[in-house]
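Reading the structure
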Amino acid sequence: MMQFLRKHMKWIFLFVAICFIATIAFVWSGVNKTETGSENNVLAIAGGKEIRLAEFERNWTEVIQANKIEESNMPPIQAIMFKKQLLNEMIFEILVKKYFSSGAIKLTDEDNERVKAYILYICKQQYNIDSSSLDSNGFRKVKDMASYYFYREKLTSLIQEQVRLSSAEITEEFLKKNEQRKFKYINIDSAKFAALTAIGTNDAKTYFDTNKLYFKTPEEYRMQIVSGNISLDKAKLLAADATKKNDLLAASALMGLKAGIVKFSLSELIPGVDFDASEEVKKFLKTCSAGEVTAPIKARKGYVVARFLEKLPAGEMNFESVKGAIENRLKIDKSLPLAEAEGNKLISEMTTGKTFEQAAAGYKISTTGFVKSTDISKDTEEFSLLLNGGFTIPKTGGARTVRHNGGCFVVQLIDVKQPTRDQLSKDAETIKKNMTETKQKALQGEFSGWLRKKYKVVDNSDKIFNKSL
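Residues numbered from 1 in each chain as written. Predicted model: local features only at pLDDT ≥ 70, side-chain atom pairs only at ≥ 80, totals over all residues. Heavy atoms only, no water.

1. Here's the deal with the sheet that holds strand S11 (residues 398-404)
Put simply, the rule reads: Whether two strands pair comes down to DSSP finding at least two bridges between them. A run of H or I in DSSP counts as a helix once it spans at least four residues, and a run of E counts as a strand once it spans at least two, with each numbered from the N terminus. Residue contacts follow a heavy-atom distance rule, with two residues in contact if any of their heavy atoms lie within 4.5 Å. In this description, a line fitted to the C-alpha atoms serves as the axis of each element, helices being fitted only across the stretch in contact, and the angle between N-to-C directions of two axes falls anywhere from 0 to 180 degrees.
The antiparallel open sheet is built from four strands, whose spatial order is S10-S3-S12-S11. Whereas interior strands pair on both sides, the edge strands pair on one side only; in this sheet they are strand S10 (366-367) and S11. In the packing of helix H14 (residues 383-390) onto the sheet, the strands contacted are strand S3 (180-189), S11 and strand S12 (407-417), and the crossing angle to S11 comes to about 145 degrees.

Okay, structure coming up:
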């Protein structure tokens, strides 16, 4: 999972931007548009209102276009994740409007004056018209937009007012973030116990059939590419010669430049090319034909020149080609409890007088330096899990097991270093701000869940979204 997240992290960051403007897009685009046509694909029913696929697709298109995101570049799993989140935003918009219309939150006379001013602002900034030129229906829609804005503002204020933080909570959070600890640990690999586990004859096939989304080969491109600290003039000559020869490798060899052939999907960085230049090459791919050469593309250092060779279609992996890997994974998963039991056995031995070294004889013992709970390490992919577990050990000392994807850590706390009071004084406001925002988001999530129960949401989107895979 960690590898998957790292590989697709750029989409996770981009989705923060999607969510940021989602609410605005839904309000301006009109969530309450009536549906025409013969579509009967209902993604969800929220408070009695149907959200149809065509309505959703309009909002989805507006949001990704506003963020200049190419949907074709998204890995299918990420696209579905984002669509689910966007649908949840639409559901929330419908439910919260229903909640406001029930009179649960009221606008004061002062608020209504602000609504009038905001109507003028919307007309001028969003539609470039005078509010007096609107017919009654148009004015009602604009007034609803403006009123909704202030209802949401009051709701946000009510949620914020519920968050109260004591100095003790702030201090506790400060210590959690800034306390440093030192650990000894061993890694018990669950593969060690794989021989003791067995999987059923059809387990691998069942896993393959129910997780086909993860066994798809993406659409890929093959290109000849030259990158490096190449000047613009040299890159122009190279592009012209490569076009003439219909071969970038040959043209680059004559100029003493190193070129190669790369294969990649649109969800990945192009090997050897930085992010910005990769994105420009991908834009070129959308309109070019086989054999075409790019104009010089600016990179962080120098320029990139590429020649498109071929497009390899997406497909599904053959079960037999992944059967062994699936079986190994299933065996490891079944072995995890055995690895954890082994770890607990070692801890039990420590409580009866053995040292960590004596109990863990036969395992490689590693020691961290002083680390914070938020630190990361290249030494092990699961280091954050190790720290999460290690920082739950009482300050008085002790050891515990921490399960991870491939087995189990046994972690022993060996030293604690406390931060200074001066540091607390310096960081207190930042800590308070971050804690407040975190608690507010949690309350907003609870409120959203309460609305879904109150107004009865039916979500059919999984079946419909998965049809696109």
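After presenting the structure, the write-up continues.
2. Observations regarding the pairing of S3
Note: S3 against S12, ten bridges, orientation antiparallel. Among the inter-strand pairings, Asp-189 is bridged to a residue of S12, identified as Gly-407.

3. Structural notes on the sheet that holds strand S13 (residues 457-459)
Strand order across the open sheet formed by three strands is S2-S1-S13, with antiparallel pairing between neighbours. Looking at which strands have only one partner, the edges of the open sheet turn out to be strand S2 (49-52) and S13. Across the sheet, the mean angle from the axis of one strand to that of its neighbour is 20 degrees, orientation sign disregarded. The pairing of strand S1 (residues 42-46) with S2 spans four bridges and is classified as antiparallel. Looking across to S2, one finds that Ala-44 is bridged to Ile-51. Packed on one face of the sheet, helix H3 (residues 53-66) meets S1 and S2 and runs near 65 degrees to S2. Here helix H4 (residues 76-101) sits on the sheet in contact with S1, S2 and S13, set at roughly 35 degrees to S1.

4. Comments concerning the environment of Tyr-207
Considering the arrangement of structural elements, one finds Tyr-207 in helix H8 (residues 203-210). Taking the C-alpha atoms as reference points, Tyr-207 and Leu-330, 123 residues apart in sequence, are found 8.9 Å from one another. If near-sequence neighbours (up to four positions away) are discounted, Tyr-207 is found in contact with Phe-215, Ile-326 and Leu-330.

5. Describing the nonpolar core
In plain terms, the rule: The nonpolar core is taken to be a set of buried Ala, Val, Leu, Ile, Met, Phe, Trp, Tyr and Cys residues, with the residues joined through side-chain atoms within 4.5 Å. A simple rule labels every residue: compare its accessible area, found with a 1.4 Å probe on the protein chains alone, to the largest value its type can have, and call it buried under 20%, exposed over 50%, or partly exposed in between.
Counting 43 residues, the largest nonpolar core has Phe-56, Val-96, Phe-100 and Leu-451 as the members making the most contacts within it. Listing elements by their share of this core, those giving two or more residues are S1, H3, H4, helix H5 (109-127), helix H6 (136-161), helix H15 (421-454) and helix H16 (461-466). In terms of residues, this core owes the most to one element, H4, which gives 13 residues. Listed in part, the 18 residues of the second largest apolar core include Tyr-221, Val-262, Ala-277 and Phe-284.

6. Some thoughts on the environment of Lys-106
Considering the arrangement of structural elements, one finds Lys-106 in the loop between H4 and H5. Classification of Lys-106 by relative accessible area gives exposed; the value is 60%. Residues Lys-106 and Lys-154, spaced 48 residues apart in sequence, show a C-alpha to C-alpha distance of 8.8 Å. In contact with Lys-106, other than residues within four places in its own chain, are Asp-111, Tyr-151 and Lys-154.

7. Focus on H14
Applied cut-off: Each direction from the helix axis to a C-beta atom contributes to the arc, which is the arc of those directions.
Among all positions of H14, only Phe-383, Leu-386, Leu-387, Gly-389 and Gly-390 are buried. Buried residues of H14, viewed axially, fall in a sector of 165 degrees; they line one side.

8. A closer look at unusual backbone geometry
Its identity as a non-glycine residue notwithstanding, Asn-246 has a phi of 55 degrees, on the positive side. Relative to the helices and strands, Asn-246 resides in the loop between helix H9 (232-245) and helix H10 (248-254). One non-glycine residue with positive phi stands out, namely Lys-456, at about 55 degrees. Note that Lys-456 resides in the loop between H15 and S13. Assessed through its relative accessible area of 67%, Lys-456 is described here as exposed.

9. Considerations on the side chain of Glu-382
With respect to the helices and strands, the residue Glu-382 is situated in the loop between S10 and H14. Leave out the neighbours within four places in its chain, and Glu-382 touches His-404, Asn-405 and Phe-409.

10. Here we look at H3
Every α-helix winds through 3.6 residues per turn, so residues three or four apart in the chain are directed the same way. Worth spelling out the cut-off: What a helix is expected to span follows from its residue count: subtract one and scale by 1.5 Å.
Helix length check: H3 (14 residues) gives 20 Å between terminal C-alpha atoms against 20 Å at 1.5 Å per residue, within 8%. Along H3, the positions that sit buried rather than exposed are Ala-54, Glu-55, Phe-56, Asn-59, Trp-60, Val-63 and Ile-64. Positive phi shows up at Lys-68, right after H3, with a value of about 55 degrees.

11. Quick look at the pattern of salt bridges
Worth spelling out the cut-off: When a carboxyl oxygen of Asp or Glu lies within 4 Å of a side-chain nitrogen of Lys or Arg, that pair is called a salt bridge.
Applying the stated criterion across every chain yields a total of 27 salt bridges. Among the ionic pairs, Lys-282 bridges to Glu-279, the shortest N-O distance being 3.5 Å. Of this pair, Lys-282 and Glu-279 both sit in helix H11 (residues 275-285), three residues apart, which is roughly one turn of the helix. Its relative accessible area of 1% is what places Lys-282 among the buried residues. In the salt-bridge network here, residues are joined through shared partners; they are Asp-111, Arg-114, Glu-153 and Lys-154.

12. Considerations on the confidence of the model for the protein chain
Where the model shows low pLDDT, its predicted coordinates should not be examined in detail. For clarity, the threshold we go by: Values of pLDDT, which run from 0 to 100, indicate the predictor's confidence residue by residue.
On average, residues of the protein chain carry a pLDDT of 84, and 89% of them reach 70 or more. Highest mean pLDDT in the protein chain belongs to helix H13 (residues 356-359) (96); lowest belongs to helix H1 (residues 2-7) (36). Within the model, the stretch residues 1-39 combines pLDDT values under 50 with 76 contacts to residues more than four positions away or in other chains.

13. Some remarks on the packing of H4 against H6
Let me state the cut-off plainly: For classification, angles of less than 35 degrees are called roughly parallel, those exceeding 145 degrees roughly antiparallel, those between 65 and 115 degrees roughly perpendicular, and all remaining angles oblique. Each residue is assigned to one class: nonpolar for Ala, Val, Leu, Ile, Met, Phe, Trp, Tyr, Cys and Pro, charged for Asp, Glu, Lys and Arg, and polar for all the others, Gly among them.
Where H4 meets H6, the axes come as close as 11 Å, and the angle between the chain directions of the two elements is 85 degrees. Overall, the two elements H4 and H6 adopt an arrangement that is roughly perpendicular. Along its contact with H4, which presents Phe-92, Glu-93, Val-96, Lys-97 and Phe-100, the element H6 presents Tyr-148, Tyr-151, Arg-152 and Leu-155. By residue class, the composition of the contact of H4 with H6 is six nonpolar, no polar and three charged.

14. Section: the packing of aromatic side chains
As a reminder of what qualifies: A pair of aromatic rings is counted whenever rings of Phe, Tyr or Trp (Trp by its six-membered ring) have centres within 6.5 Å, and the orientation is called stacked for planes under 30 degrees apart, edge-to-face for over 60 and tilted otherwise.
Within the structure shown, the criterion is met by 20 aromatic pairs. The interplanar angle of 90 degrees and the centroid separation of 5.8 Å between the aromatic rings of Tyr-99 and Trp-450 together place this pair among those described as edge-to-face. On the criterion of sequence distance, the pair formed by Tyr-99 in helix H4 and Trp-450 in helix H15 is long-range, its members being 351 residues apart. Plain terms: the ring middles of Tyr-221 and Phe-264 are 6.3 Å apart, the flat faces sit at 25 degrees to each other, and that makes the pair stacked. Here the residue Tyr-221 occupies a position in strand S5 (residues 220-226), and Phe-264 occupies one in strand S6 (residues 260-265), the gap between them amounting to 43 residues.

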